[in-house]
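Take a look at the letters that make up each chain.
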Amino acid sequence: MRPGACVAVTASILALAAPARAAPAPGLGTLAAGIAHEINNPLAYVTGNLEVAVEALADPALLPGPARDELTAVIHDAQDGAERVRKIVHGLRSFSRAEDEKLRPSA
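Residues numbered from 1 in each chain as written. Predicted model: local features only at pLDDT ≥ 70, side-chain atom pairs only at ≥ 80, totals over all residues. Heavy atoms only, no water.

K.L.:
Even after reading the chapter, I still don't get the overall build of the protein, so can you show me in this structure?
P.N.:
Secondary structure summary: the protein contains three helices and zero strands in total. Walking the protein from its N terminus toward its C terminus, one meets helices and strands in the order α-α-α. Pairs at least 24 residues apart make up 69% of the contacts formed inside the protein by residues separated by at least 6 positions. Split by element, the accessible area of the protein, about 7700 Å² in all, is 65% carbon and sulfur. (Helix = DSSP H or I, 4+ residues; strand = E, 2+ residues; numbered from the N terminus. Contact = heavy atoms within 4.5 Å. Areas by Shrake-Rupley, 256 points an atom, 1.4 Å probe, with all protein chains shown as cover.)

Spelled out as structure tokens, the structure:
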């Protein structure tokens, strides 16, 4: 992935979501929570498996030489990408909670 691509995609998503934030529709918070949940479940598998791969590559006998270094770098890039997705999920959950609070009747 080229540098800045995630930033550009995130900015595009935020720009598209701006009108929805200005005038939220009922249920938008629920939709955001559902999307966050659906993304978070497979993300847990990905991050867990990446951790296992990093631990396995700690043994130089498993894959010696430059291939090991290259694979380790690729896995770290994948971990960085997974962390960015985790932050997006966190943002969706925060949006969901804010929308839920707006829709609750005040006491």
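Picking up after the structure, the text goes on.
K.L.:
Just checking my understanding: could you explain the pattern of salt bridges for this structure?
P.N.:
Side-chain pairs of opposite charge can arise where the charged atoms are in close proximity. Inspection of the entire model under this criterion finds two salt bridges. A salt bridge links Asp69 to Arg68, with the shortest nitrogen-to-oxygen separation between them at 3.8 Å. Here Glu83 makes a salt bridge to Arg86, at a shortest N to O gap of 2.6 Å. In this pair, Glu83 and Arg86 are both assigned in helix α3 (residues 66–103), three residues apart and thus about one turn of the helix distant. Among the residues examined, Glu83 registers a relative accessible area of 31% and is labelled partly exposed. According to the relative accessible area criterion, Arg86 is partly exposed, its value standing at 38%. (Salt bridge = Lys/Arg side-chain N within 4 Å of Asp/Glu carboxyl O. Buried < 20%, exposed > 50% of the residue type's maximum accessible area, 1.4 Å probe, protein only.)

K.L.:
What am I meant to see in the confidence of the model for the protein here?
P.N.:
Regions with low pLDDT should not have their predicted coordinates read in detail. When pLDDT is averaged along the protein, the result is 82; 76% of the residues meet or exceed 70. No element of the protein has a lower mean pLDDT than helix α1 (residues 5–22), at 66, and none a higher one than helix α2 (residues 28–57), at 92. (pLDDT = per-residue confidence, 0-100.)

K.L.:
Quick question: what am I supposed to make of α2 here?
P.N.:
With 30 residues, α2 extends 43 Å between its outermost C-alpha atoms, agreeing within 8% with the 44 Å of an ideal straight helix rising 1.5 Å per residue. Considered for burial, the residues of α2 that qualify are Gly29, Ala32, Ala36, Leu43, Leu50 and Leu57. (Expected span 1.5 Å × (residues − 1).)

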